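Architecture and fold: a report
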Amino acid sequence: MYANRYLPFIGRLLIGLPFLVSGLSKLAAYGPTTAFIATSALPLPPPLSYAGAVAVEIGCGLLVIAGFRTRVAATVLALFCLATAAFFHTNFADPNQIFHFIKNLVMTGGLLQVVSYGAGAISVDSRHSKNSAS
């Protein structure tokens, strides 16, 4: 019974924290990150792609953890994972790239569960829906 209350929060924390940490690490490594982005086939220039990636990872990571606008944030992160897989991890001759491609698909699946089922009881979204009903 209590699992239904706490597990969604733990799940959001475990899926949101890696995005938050990844975004913060990009902030600390502008040069290497934009150089890596330049090696991809992304249609945007590296500085713009860098800014977008940092904003998505930090912003949506925090939103998912807090459970605020969770379905929208999880949708954005799911699309981000698919784009990352498609633009950065398609060298299937490299086992490491295959691993990262599959990891991104797995994260997309977890995020789609959040999109489908929402944030759960311990979330800002839940507090908002209770306040709206009053």
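Notes on the structure in this doc start here. All figures in this text were calculated on a predicted structure; none of them were measured in a lab.

Let's shift gears to the packing of aromatic side chains. Within this structure, the stated rule accounts for three aromatic pairs. Relative to Tyr-50, the ring of Tyr-30 lies with its centre 4.7 Å away and its plane at 85°, an arrangement referred to as edge-to-face. You can see Tyr-30 sitting in helix α2 (residues 30–38) and its partner Tyr-50 sitting in helix α3 (residues 46–66), a full 20 residues away along the chain. Residue class for Tyr-50 comes out buried when judged on its relative accessible area of 9%. Note on Phe-92 and Phe-101: the rings are 5.1 Å apart at their centroids and 90° apart in plane angle, and the pair reads as edge-to-face. Taking the relative accessible area as the measure of exposure, Phe-92 reaches 45% and is therefore partly exposed. Note on Phe-101: relative accessible area 21%, which makes it partly exposed.

Conventions adopted
Residues numbered from 1 in each chain as written. Predicted model: local features only at pLDDT ≥ 70, side-chain atom pairs only at ≥ 80, totals over all residues. Heavy atoms only, no water. Phe/Tyr/Trp six-rings, centres within 6.5 Å; stacked < 30°, edge-to-face > 60°. Helix = DSSP H or I, 4+ residues; strand = E, 2+ residues; numbered from the N terminus. Buried < 20%, exposed > 50% of the residue type's maximum accessible area, 1.4 Å probe, protein only.

Shape descriptors only; they carry no functional weight alone.
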